[in-house]
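Next come the chains, spelled out residue by residue.
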Amino acid sequence: EVDALVLETTSKRPPFNAIFNRITQLFANYQNWAQQLSETLAKPPSLQEIVALGEDFFGNPVLVFDRNFCLLSKCDFPVGIEWALHPRTQERTLPPEIIELIRARSSRGEFGRSFLISEEYLPHNVRFLHFNRSNTIFTVAVPELTAPLRTLTDDALQYLAHGIHNILSKSNFHSGHSLRFEEF
């Protein structure tokens, strides 16, 4: 029941309209990205197309791992991880100590929530999301290479993970050798 709201700002703080415009821009960016993701999922996309949309939005590379932590997505960025090879498939996988750390953190945290592994263990801060639904298990990782991870919201990462789940559940050919062997 108020006709006007008057905010007094000091000279050190940006004016209200600058803050409002920035917040509006954030919502518009998220809405545009969600629309692009929906349009891409409407056609039969590849895993790499969805990963590219995530990379454009987050400003950092997006890595997708199968249930054995073998890399499913193409990675052109030097992320500084010393890859190991999976013993049966010879695919690039995370080192065993990092895999154990991810499993410990994902079992401790809230189910479906992302968690951060800091530079203490990896060359960069990396946000992980472990996804488990209807026999499709994978992990999404976003290393902090070019953009700060503080701009990466849990909801945006979960939204991307749902898009990846959509692709992996439709076709086993996208999900890597180890997933296909385990489904056998």
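Quick look at the structure, then. (Residues numbered from 1 in each chain as written. Predicted model: local features only at pLDDT ≥ 70, side-chain atom pairs only at ≥ 80, totals over all residues. Heavy atoms only, no water.)

A short note on the overall build of the protein
Link 1 in the chain: Counting secondary structure elements, the protein contains five helices and six strands.
Link 2 in the chain: Going from the N terminus to the C terminus, the protein shows its helices and strands as α-α-β-β-β-α-β-β-β-α-α.
Link 3 in the chain: Taken over 184 residues, the protein has a buried fraction of 41%.
Link 4 in the chain: Sequence separation of 24 or more characterises 52% of the internal contacts of the protein that already satisfy a separation of 6 or more. (Helix = DSSP H or I, 4+ residues; strand = E, 2+ residues; numbered from the N terminus. Buried < 20%, exposed > 50% of the residue type's maximum accessible area, 1.4 Å probe, protein only. Contact = heavy atoms within 4.5 Å.)

Considering a nonpolar patch on the surface
Link 1 in the chain: A cluster of nonpolar side chains, namely I19, I23 and F27, defines an oily patch on the protein surface of about 300 Å² accessible area.
Link 2 in the chain: Structurally, the position occupied by I23 is in helix α1 (residues 16–42).
Link 3 in the chain: Residue class for I23 comes out partly exposed when judged on its relative accessible area of 40%. (Patch = residues over 30% accessible without salt bridge, like charges linked within 9 Å, V, L, I, M, F, W, Y side chains within 5 Å. Areas by Shrake-Rupley, 256 points an atom, 1.4 Å probe, with all protein chains shown as cover. Salt bridge = Lys/Arg side-chain N within 4 Å of Asp/Glu carboxyl O.)

Describing the side chain of T139
Link 1 in the chain: Relative to the helices and strands, T139 resides in strand β6 (residues 136–143).
Link 2 in the chain: Reaching out from T139, the side chain makes a polar contact with the side chain of H130 at a distance of 2.8 Å.
Link 3 in the chain: Apart from the residues lying within four places of it in its own chain, the contact partners of T139 are L63, V64, F65, F69, F128, L129 and H130. (Polar contact = N/O pair within 3.5 Å; in protein donor to acceptor, adjacent residues only side chain to side chain.)

Examining the nonpolar core
Link 1 in the chain: Residues F58, F138 and I164 are the most contacted members of the largest nonpolar core, which totals 24 residues.
Link 2 in the chain: Elements that contribute at least two residues to this core include exactly α1, α2 (47–58), β5 (126–133), β6 and α4 (154–170).
Link 3 in the chain: Among the elements that take part in this core, α4 stands out by supplying seven residues, more than any other.
Link 4 in the chain: Counting 18 residues, the second-largest nonpolar core is a separate cluster that includes L63, I81, I99 and L101. (Core = buried A, V, L, I, M, F, W, Y, C linked by side-chain atoms within 4.5 Å.)

Here's the deal with the pattern of salt bridges
Link 1 in the chain: In this structure the tally under the stated criterion is two salt bridges.
Link 2 in the chain: A salt bridge links E49 to K43, with the nearest nitrogen and oxygen atoms 2.9 Å apart.
Link 3 in the chain: By relative accessible area, which is 40% here, K43 ends up partly exposed.
Link 4 in the chain: Its salt-bridge partner being R103, residue E100 comes within 3.7 Å of it at the nearest N-O pair. With a gap of three residues between them, E100 and R103 both fall in helix α3 (residues 96–108), about one helical turn apart.
Link 5 in the chain: Look at E100 and you get partly exposed, because its relative accessible area is 49%.
Link 6 in the chain: On the basis of relative accessibility, which here comes to 40%, the residue R103 falls in the partly exposed class.

Describing the pairing of β5
Side-chain direction in a regular strand flips from residue to residue, so the side chains alternate between the two faces of the sheet.
Link 1 in the chain: Here strand β4 (residues 115–117) runs beside β5; their pairing, made up of three bridges, is antiparallel. In the strand pairing of β5, L116 is matched with R127.
Link 2 in the chain: Note: β5 against β6, eight bridges, orientation antiparallel. Within the sheet, the bridge partner assigned to V126 lies in β6 and is P143.
Link 3 in the chain: Hairpin connection from β5 to β6: two residues lie between these consecutive antiparallel strands, with S134 at a positive phi of about 45°. (Pairing = 2+ DSSP bridges.)

Quick look at the side chain of H165
Link 1 in the chain: Residue position: H165 is located in helix α4.
Link 2 in the chain: Here H165 falls in the buried class, since its relative accessible area comes to 12%.
Link 3 in the chain: Once you skip the residues sitting within four places of it in the chain, H165 turns out to touch F131, R133, S134, T136 and F138.

Things to note about α1
Link 1 in the chain: If you check α1, its first and last C-alpha atoms are 39 Å apart, about what 27 residues at 1.5 Å a residue would give, namely 39 Å.
Link 2 in the chain: Regarding α1, the residues found buried are W33, A34, L37, T40 and L41.
Link 3 in the chain: In this structure, the buried side of α1 is in contact with α2 and α4. (Expected span 1.5 Å × (residues − 1).)

Remember, this is a structural readout, not a statement about activity or role.
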